[in-house]
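# Per-entry structural report
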Amino acid sequence: MIKLVCFDLDDTLMDFHKGEEIAFYETMKEENVEASHDDYLLYKKINGALWKKLEKGEVERYALQRIRFEELKKESQLDFDIEKVNALFPKKLSEQAILLEDSERILKWCSKKAELAIASNGTATTQHRRIEKSGIDKYFKYIFISEEVGHAKPHQGFFDAIFKTANVSPEEVLFIGDSLSADMKGAVKSGCISVWFNPKHIINDLNVIPDHEIDRLSSIIDRWEEFK
């Protein structure tokens, strides 16, 4: 029996990359810096690599936030104050709450079947603001954000916090997320019912085998009985 449905936030319920790009340009513009699309792509590459290190416990969150802009300044022609940009960017990002298609409809449906939780690797202030601004907060009984939990997915400590707080066993948790290395690795290892949301049909090149794979959120409704 599914008692709790956990949703990853970014690129599962929200279009993080679109919001991130808007926030990047707005940040640079406010600092009177003309950034190109190539500059954004470089930032995205640097940031993505650092988040992979965070998942492995190789870098601390606050170090990540500083290092990404240090490396961007070093590898690009952009001239900006690292401290100012580092402080401004999360504020700009927190205002970006672009829901993916079908997100709210699926949440409304799932909320009638089980309790819901958000399970996100992110900065608490930024994520809480985005969740609130999107209006989907009303569907969730629990919100687990790595900065507050003290561990980032896929660390077992993150999943243990879910089980303890919601008073559920792993096999009673349906965990839905887009990241193989964070969401699925942690969900599979901890014994949750794992559902890989893979709309871009990315090839699974990791030694992580989710229980199910979907490319549309609406498949949660279509395959609910199968997940159970």
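In what follows, the accompanying structure is described.

### Quick notes on the sheet that holds strand β3 (residues 142-145)
Two orientations exist for strands paired in a sheet by backbone hydrogen bonds: parallel and antiparallel. Read across the sheet, six strands follow the order β3-β2-β1-β4-β5-β6 without closing on themselves; strand pairing throughout is parallel. In this open sheet, the two edge strands, each paired with only one partner strand, are β3 and β6 (212-214). Going from strand to strand, the sheet's axes swing by 20 degrees on average, the running direction of each strand aside. In the sheet, strand β5 (residues 193-197) pairs with β6 via three bridges, with the strands oriented parallel. Bridge pairing in β6 links V195 to H212.

### Quick notes on the nonpolar core
Counting residues in hydrophobic clusters, the biggest one holds 26 residues, and the most contacted among them are V5, F7, I136, F140, L174 and I220. Apart from residues no more than four positions distant in its own chain, V5 is found in contact with A114, E115, L116, A117, L174, I176 and W224. One finds A23, M28, F69 and F80 within the second-largest nonpolar core, a separate group that totals 22 residues.

### A word on the side chain of N47
In this fold, N47 is placed in helix α2 (residues 37-55). Here N47 falls in the buried class, since its relative accessible area comes to 5%. Residues in contact with N47, not counting those within four places in the same chain, are E20, L64 and R68.

### Focus on the pairing of strand β1 (residues 4-7)
Of the two faces of β1, the one holding L4 and C6 and the one holding V5 and F7 are both buried throughout. When β1 meets strand β4 (residues 173-177), the two strands line up parallel, connected through four bridges. Looking at β4, one finds that C6 is bridged to F175.

### Focus on the packing of aromatic side chains
The full count for this structure, using the stated rule, is 13 aromatic pairs. The interplanar angle of 45 degrees and the centroid separation of 6.1 Å between the aromatic rings of Y25 and Y40 together place this pair among those described as tilted. With a gap of 15 residues between them, Y25 in helix α1 (residues 16-30) and Y40 in helix α2 connect regions that are remote in the sequence. In textbook terms, an aromatic cluster arises when at least three aromatic residues are bridged by ring pairs, as seen for F24, Y25, Y40, Y43, F69, F80 and F89. The ring of F80 has K73 sitting right over it, with the charged end atom 5.9 Å from the ring centre.

### Considerations on unusual backbone geometry
Leaving glycine aside, a negative phi is the common case for residues, and trans is the common case for peptide bonds. Cis geometry marks the peptide bond from K153 to P154; its omega dihedral reads 15 degrees. Here P154 shows up in the loop between α7 (146-149) and α8 (156-166). The phi dihedral of D102 is positive, around 80 degrees, even though this residue is not glycine. As for its position among the elements, D102 is in the loop between α4 (82-94) and α5 (103-110). Backbone geometry places H201, a non-glycine residue, at a positive phi of 55 degrees. Relative to the helices and strands, H201 resides in the loop between β5 and β6.

### Quick word on the packing of α1 against α2
Where α1 contacts α2, the two axes come as close as 11 Å, and the packing angle between them is 120 degrees. The angle between α1 and α2 places the two elements in the oblique class. The way α1 lies across α2 gives a crossing that is right-handed. Within the contact between the two elements, α1 uses H17, E20, E21, F24 and Y25 and α2 uses H37, D39, Y40, Y43, K44 and N47. Tallied by class, the residues present in the contact of α1 with α2 amount to four nonpolar, three polar and four charged.

### Some words on α2
Over its 19 residues, α2 extends 27 Å from the first C-alpha to the last, a length consistent with the 27 Å expected when each residue adds 1.5 Å. Burial in α2 covers these residues: D39, Y40, L42, Y43, I46, N47, L50, L54 and E55. Buried positions along α2 lie against α1, α3 (61-75), α4 and α9 (180-190).

Calculation rules
Residues numbered from 1 in each chain as written. Predicted model: local features only at pLDDT ≥ 70, side-chain atom pairs only at ≥ 80, totals over all residues. Heavy atoms only, no water. Pairing = 2+ DSSP bridges. Helix = DSSP H or I, 4+ residues; strand = E, 2+ residues; numbered from the N terminus. Axes fitted to C-alpha atoms, helices over the stretch in contact; angles between N-to-C directions. Core = buried A, V, L, I, M, F, W, Y, C linked by side-chain atoms within 4.5 Å. Buried < 20%, exposed > 50% of the residue type's maximum accessible area, 1.4 Å probe, protein only. Contact = heavy atoms within 4.5 Å. Phe/Tyr/Trp six-rings, centres within 6.5 Å; stacked < 30°, edge-to-face > 60°. Lys NZ or Arg CZ within 6 Å of the ring centre and 35° of its normal. Parallel < 35°, antiparallel > 145°, perpendicular 65-115°, else oblique. Left-handed = near helix turned anticlockwise from the far one by under 90°. Nonpolar A, V, L, I, M, F, W, Y, C, P; charged D, E, K, R; others polar. Expected span 1.5 Å × (residues − 1).

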